[in-house]
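# Fold and contact review
Here's the letter readout for the chains.
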Amino acid sequence: MAVEELQSIIKRCQILEEHDFKEEDFGLFQLAGQRCIEEGHIEELLEIIQNEKNNVIIKSMGWNLVGPVVRCLLWNDKDEKRKEYFLTLDLLVKLCNPKELLLGLLELIEEPSGKQISHIILLLLQPLQTVIQKLHNNKAYSVGLVLSTLWSQLSLLPVPYSKEQIQTDDYGLCQCCKALIEFTKPFVEEVTDDKENKENEKLKEELLKFCFKSLKCPLLTAQFLEQSEEAGNDPFRCFASEIIGFLSAIGYPFPQIILNHGRKKKTWDCLELEEEEDKQLADSVASLAYLVFVQGIRIDQLPLVLSPSYLLQLNMGHIEVFLQRTEESVFSKGLELLEYGLLRLEDNSLLYQYLEIKSFLTVPQGLVKVMTLCPIETLRKKGLAILQLYINKLDSQGKYTLFRCLLNTSNHSGVEAFVIQNIKNQIDLSLKKTYNKWFIGPQLISLLDLVLFLPEGAETDLLQNSDRIMASLNLLRYLVIKDNENDNQTGLWTELEKIKNNFLKPLHTGLNMSKAHYEAEIKNSQEKSQVVPMSKDLCSITVGGEEIPNMPPEMQLKVLHSALFTFDLIESVLARVEELIEIKTKSTSEENVIK
C-alpha cells in the first residue's frame with residue numbers, strides 16, 4: 001500500500017517542473033516514503049530512487065527520507081537488509097539538494113544522546129564529507145558549521161580515564177576522534193595546496209577554531225598511556241599529534257602559539273580568537289603546552305636555545321590555568337607541567353625577580369590548595385613534593401619572599417608548619433655553611449615575627465593550630481641551642497622579650513584555658529556515661545565553640561583525651577624551650593661576670 005502511494009505521488013510529480021512542486025507534494029512524499037521504510041519495502045524504495053526519471057523529484061524531496069533511513073541503520077543493526085539501507089543512503093546523499101541535506105544531517109547528529117552519539121557520528125561523517133564537497137558556495141561556513149556541531153556532540157561524551165576504559169571505549173569517543181581526523185584532513189590539504197585562494201582564508205579560520213576546541217575537549221581532560229606502553233596505539237596521543245600537525249599545516253605552528261600567547265602583540269588573524277585570547281583560549285593553549293612539554297608530542301620542533309628558566313616562565317601561566325580547575329584529571333596536569341619545568345633547573349638558580357610575575361606566587365598558592373583540599377592522597381603528596389622542589393630552585397631572597405607569602409595566605413596549620421621547617425633548614429645552612437643575610441639578623445627577625453606569635457593571643461584555637469605551634473617551638477628551641485647570646489648571629493636574643501610577650505606567655509595562658517576546658521568536658525562526658533552506662537545512643541558536645549559531630553560517648557572521650565595529649569606535648573616542648581633560655585641566659589651572665 002505504501003509503495004503504491006509513493007509511486008502515485010511520483011507519477012503525478014513527474015509531469016511537473018521542479019518549481020511547480022507544492023508543499024503538499026513534499027509532505028505526501030515524505031509520509032509515503034517513511035511508511036515504505038517502516039514496513040520494510042526498502043528494495044522497492046531503492047528501485048524508485050535509482051530510476052533516473054525520478055532524479056528531479058529525489059533531488060528536491062529525497063532529503064526528507066534520510067532521517068528514517070539513518071534511524072533504521074542505527075536501531076536495526078542486525079537487519080538483513082542493511083546493505084540496501086546503506087545503498088539508499090548513499091544514493092540520497094549523491095542526488096539530493098546538498099544545502100537541504102546538510103541541514104538535515106546536522107539535525108540527525110544533534111538528536112541522540114549517550115552511546116548513540118558516537119554511532120550516528122561514525123555513520124554520517126562520510127555522507128557529510130560528500131555533501132560538503134558538493135557545496136561550492138560558502139564552503140568554509142559549511143565546514144565550520146559541521147565541525148562545530150560534531151564537536152558539541154562529542155563534548156557530551158565522558159572521556160575515558162583508565163587504560164582499560166580507553167581500550168574498551170564504551171562511548172566510542174576514541175573511535176570518533178580517529179574518524180574526525182580523517183574527516184578533517186581533506187580540508188586541511190585544501191588550505192595548504194591553494195594558499196592564494198581567499199576563500200581558503202575563511203576555511204583556515206574554521207579549522208583553527210576546531211583545533212583549539214579539540215585541544216580543550218577532549219584533550220584537556222584526556223589521560224595518556226605511558227609512553228613506553230604502545231604509545232602508537234594511544235588514541236588520544238594520536239589525535240593530539242594530528243591536531244598539532246593541523247595547526248602547523250594551516251600556518252600556526254605550535255611554537256609560535258606557545259611563545260606568543262599572552263603577549264600584547266596580535267597573534268591571530270581570526271577576530272573571534274583574538275577576542276577569546278584571555279578566556280576560552282587559555283585552556284586550549286595550556287593543553288597544548290602540556291602535550292608538547294610533558295607528553296613530548298612534536299617537541300623536536302621547539303627551538304633548542306630556550307633556557308630552562310625561560311621555559312618555566314613560559315609555562316607558569318598555563319600551570320596556573322590547570323591548578324585553577326577542580327577536576328583531578330586537569331589539575332594533575334598542572335603538577336606534571338610544573339615538575340617538568342622545575343627538574344630542568346639547578347637548585348637555588350631561580351632568581352627572586354621571577355616572583356614579581358604574578359603566576360610565580362599564585363602557582364605555589366595553587367599547590368597549597370591541592371595539598372589541603374584534594375581528596376586523593378597521592379596527589380596531595382605530589383603537591384607537597386613539588387612545592388618543596390619549587391622552594392629548592394629559588395635563590396635565597398626568592399625563598400624568603402615565598403615563605404612570607406605562604407605564611408600570610410595559606411591559613412592552614414600544616415602548611416605553615418611545613419614553611420617553618422623550611423625556614424629552620426635555611427637558618428641551619430646559614431649558620432653552618434655560607435652567611436646568608438636573608439636568614440640571619442634583621443631580615444630573619446622580620447620573618448620570625450610571622451612565626452613566633454599567636455594570631456589571636458591566648459584565645460587562639462591551640463588544637464587547630466597545633467602543627468604550626470609545635471613547628472614554631474621547635475624552631476625556637478633550635479635557635480636557642482645553636483645561637484649563643486654573646487654571638488647573637490640570628491638576632492634572637494635581642495628580640496627575646498618580644499617573643500616572650502607575643503608567643504610564650506600567651507601560649508602558657510592558652511594551654512591552661514584549653515586544658516581546663518577539655519578536662520571539664522571529659523568529666524561531663526564521664527558523668528553522663530555513668531548515669532546511663534549501657535546507652536549506645538549518639539551524643540554531641542561543644543568544644544572551642546564548635547559542636548563535635550554525633551558519635552558514641554566512648555569515641556568522644558577518645559577525641560577529648562587525644563586533644564589533652566596534644567596540649568601536654570606542646571606544654572612539654574614549651575617547658576624545654578624556657579628551660580634552655582634560662583640555662584643560656586644564666587651561662588652568659590656568668591661568663592660576663594668572669595670577664
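Rules used in this analysis
- Residues numbered from 1 in each chain as written.
- Predicted model: local features only at pLDDT ≥ 70, side-chain atom pairs only at ≥ 80, totals over all residues.
- Heavy atoms only, no water.
- Helix = DSSP H or I, 4+ residues; strand = E, 2+ residues; numbered from the N terminus.
- Expected span 1.5 Å × (residues − 1).
- Buried < 20%, exposed > 50% of the residue type's maximum accessible area, 1.4 Å probe, protein only.
- Contact = heavy atoms within 4.5 Å.
- Axes fitted to C-alpha atoms, helices over the stretch in contact; angles between N-to-C directions.
- Parallel < 35°, antiparallel > 145°, perpendicular 65-115°, else oblique.
- Left-handed = near helix turned anticlockwise from the far one by under 90°.
- Nonpolar A, V, L, I, M, F, W, Y, C, P; charged D, E, K, R; others polar.
- Phe/Tyr/Trp six-rings, centres within 6.5 Å; stacked < 30°, edge-to-face > 60°.
- Lys NZ or Arg CZ within 6 Å of the ring centre and 35° of its normal.
- Patch = residues over 30% accessible without salt bridge, like charges linked within 9 Å, V, L, I, M, F, W, Y side chains within 5 Å.
- Areas by Shrake-Rupley, 256 points an atom, 1.4 Å probe, with all protein chains shown as cover.
- Salt bridge = Lys/Arg side-chain N within 4 Å of Asp/Glu carboxyl O.
- Lys, Arg positive; Asp, Glu negative; His and termini not counted.
- Charge placed at Lys NZ, Arg CZ, Asp CG, Glu CD.
- Polar contact = N/O pair within 3.5 Å; in protein donor to acceptor, adjacent residues only side chain to side chain.

What follows concerns helix H24 (residues 466–482). Between the first and last C-alpha of H24 there are 24 Å, a value that for 17 residues agrees with the 24 Å anticipated at 1.5 Å per step. H24 sits mainly inside the fold: 12 of its 17 residues count as buried. Residues Ser466, Arg468, Ile469, Met470, Ala471, Ser472, Leu473, Leu475, Leu476, Tyr478, Leu479 and Val480 constitute the buried set of H24.

This part takes up the environment of Pro308. Its location among the elements puts Pro308 in helix H17 (residues 308–324). Taking the C-alpha atoms as reference points, Pro308 and Glu346, 38 residues apart in sequence, are found 9.2 Å from one another. Setting aside its immediate chain neighbours within four residues, Pro308 contacts Arg344 and Leu345.

This next bit is on unusual backbone geometry. Backbone torsion omega between Cys217 and Pro218 reads 15°, so that peptide bond is classified as cis. Although it is not a glycine, Asn138 adopts a positive phi angle of roughly 55°. Tracing the backbone shows Asn138 in the loop between helix H8 (116–134) and helix H9 (139–154). Its identity as a non-glycine residue notwithstanding, Asn411 has a phi of 50°, on the positive side.

Turning to the packing of helix H6 (residues 82–95) against H8, a few remarks are in order. Packing of H6 against H8 leaves a shortest axis separation of 9 Å and a crossing angle of 20°. For the element pair H6 / H8, the angle class is roughly parallel. For the crossing formed where H6 meets H8, the hand is right-handed. Contact residues: H6 offers Phe86, Leu89, Val93, Lys94 and Leu95, while H8 offers Leu123, Pro127, Thr130, Val131 and Lys134. Considering only residue class, the contact of H6 with H8 consists of seven nonpolar, one polar and two charged.

Turning to the packing of aromatic side chains, a few remarks are in order. All told, the structure shown has nine aromatic pairs when counted by the stated rule. Consider the rings of Tyr400 and Trp438, whose centres lie 5.1 Å apart with planes at 50°: the pair is tilted. A residue pair is termed long-range when its members are at least 10 positions apart, and Tyr400 in helix H21 (residues 396–409) and Trp438 in the loop between helix H22 (413–432) and helix H23 (442–451) qualify at 38 residues. Trp438 shares its class with Tyr400; the two are buried. Note that Lys115 overlies the ring of Tyr171, its terminal NZ or CZ placed 5.6 Å from the centroid. Lying over the aromatic face of Tyr478, Lys424 brings its terminal NZ or CZ to 4.9 Å of the ring centre.

The next point concerns a negative patch on the surface. On the surface, a cluster of negative charge is contributed by Glu189, Asp193, Asp194 and Glu196. Inspection of the secondary structure assignment puts Glu189 in helix H11 (residues 173–193).

This paragraph deals with the side chain of Thr184. Mapped onto the elements, Thr184 comes out in helix H11. A polar side-chain atom of Thr184 sits 2.7 Å from the main-chain carbonyl oxygen of Leu180. Non-local contacts of Thr184, meaning those with residues more than four positions away in its chain, are made with Leu147, Leu207, Phe210 and Phe246.

What follows deals with the pattern of salt bridges. According to the stated counting rule, one finds 20 salt bridges in the structure shown. The partner of Lys432 in a salt bridge is Asp428, with the nearest N and O atoms 3.3 Å apart. Within this pair, Lys432 and its partner Asp428 are both found in helix H22, separated by four residues, close to a single helical turn. According to the relative accessible area criterion, Asp428 is buried, its value standing at 19%. Close ionic contact of Lys498 with Glu495 constitutes a salt bridge, the shortest N to O distance being 3.1 Å. The exposure class assigned to Glu495 is partly exposed, which follows from its relative accessible area of 21%.

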